[in-house]
Amino acid sequence: MLDIGQALDSFVNGMMQFLAQTANDPVMYSIVFFVYAVLAAIILPIPVEVGLLLSPHTPIIWLVILLGLGKMLGSILVFYLGLGVGEKVRGWSVRWAWFDWFLKRCEWLVSRLHYMGLYILLSIPLMSDTVPLYIFSILNDEGVFNVQFFALTNLLAGFSRAMILFLLLHLFGVDLFH
């Protein structure tokens, strides 16, 4: 019997293979990459930056835009989904001390920095979006965020994240803009 972790791993591997197979077709790659960016926000606890590097035939600026838009759409869905799973996630903090610690730090970040705290977390390259998005949406039961600014923050963080990745690659001698 396949457990949830194995099923997710199998799905992610299949998605990555499909993404790589479409790398030579910019239109198909764009569609798959956008869906991947949305799913990364909702259910895939993995970073999406790898998708920025797989298709040399798709303009990088277009991929950055798709990444931001995908993260934005995914965040809107998480905004509403997170409100429905709040009690379950809060229950995890009772079971796992590390999660309680993480949840308390996120609560602190929300209370102190609001959208800027979310922006900072989501701008970190290679960080999973799924967990912070759900935690921030769960913490929103007090009305700290509104959906428009939550989505805008995710869009801008997606752009920033891509730019930070490209800057880091450039600093290490990888030039994608030739």
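The model shown is predicted, which means the values in this text are computed figures rather than measured ones. (Residues numbered from 1 in each chain as written. Predicted model: local features only at pLDDT ≥ 70, side-chain atom pairs only at ≥ 80, totals over all residues. Heavy atoms only, no water.)

Trainee: Would you take a moment to explain the overall build of the chain for this structure?
Mentor: If you tally the helices and strands in the chain, you get eight helices and zero strands. Order of helices (α) and strands (β) in the chain, N terminus to C terminus: α-α-α-α-α-α-α-α. For the chain, the proportion of its 178 residues judged to be buried stands at 43%. For the chain, contacts bridging at least 24 residues in sequence account for 75% of all contacts bridging at least 6. A total of about 9600 Å² of accessible surface is found on the chain, and carbon and sulfur atoms cover 72% of it. (Helix = DSSP H or I, 4+ residues; strand = E, 2+ residues; numbered from the N terminus. Buried < 20%, exposed > 50% of the residue type's maximum accessible area, 1.4 Å probe, protein only. Contact = heavy atoms within 4.5 Å. Areas by Shrake-Rupley, 256 points an atom, 1.4 Å probe, with all protein chains shown as cover.)

Trainee: Please explain the packing of helix α2 (residues 26-42) against helix α7 (residues 130-139) as it appears in this structure.
Mentor: When two helices pack together, their arrangement is given by the angle between the helix axes and by the axis-to-axis distance. Between α2 and α7, the shortest axis-to-axis distance is 6 Å and the interhelical angle comes to 55°. Looking at the two axes, α2 sits oblique to α7. Across the interface between the two elements, A40, A41 and I42 of α2 pack against T130, L133 and Y134 of α7. Looking at the contact of α2 with α7, its residues break down into five nonpolar, one polar and no charged. (Axes fitted to C-alpha atoms, helices over the stretch in contact; angles between N-to-C directions. Parallel < 35°, antiparallel > 145°, perpendicular 65-115°, else oblique. Nonpolar A, V, L, I, M, F, W, Y, C, P; charged D, E, K, R; others polar.)

Trainee: Is there a simple way to explain the environment of E49 in this structure?
Mentor: Tracing the backbone through its elements, the reader meets E49 in the loop between α2 and α3 (60-84). You can call E49 buried: its relative accessible area is 1%. Not counting residues within four places of it along the chain, the set of residues in contact with E49 comprises I124, P125, L126, R161 and L165. In terms of polar contacts, E49 uses its side chain to reach the backbone amide nitrogen of L126, at 3.1 Å. (Polar contact = N/O pair within 3.5 Å; in protein donor to acceptor, adjacent residues only side chain to side chain.)

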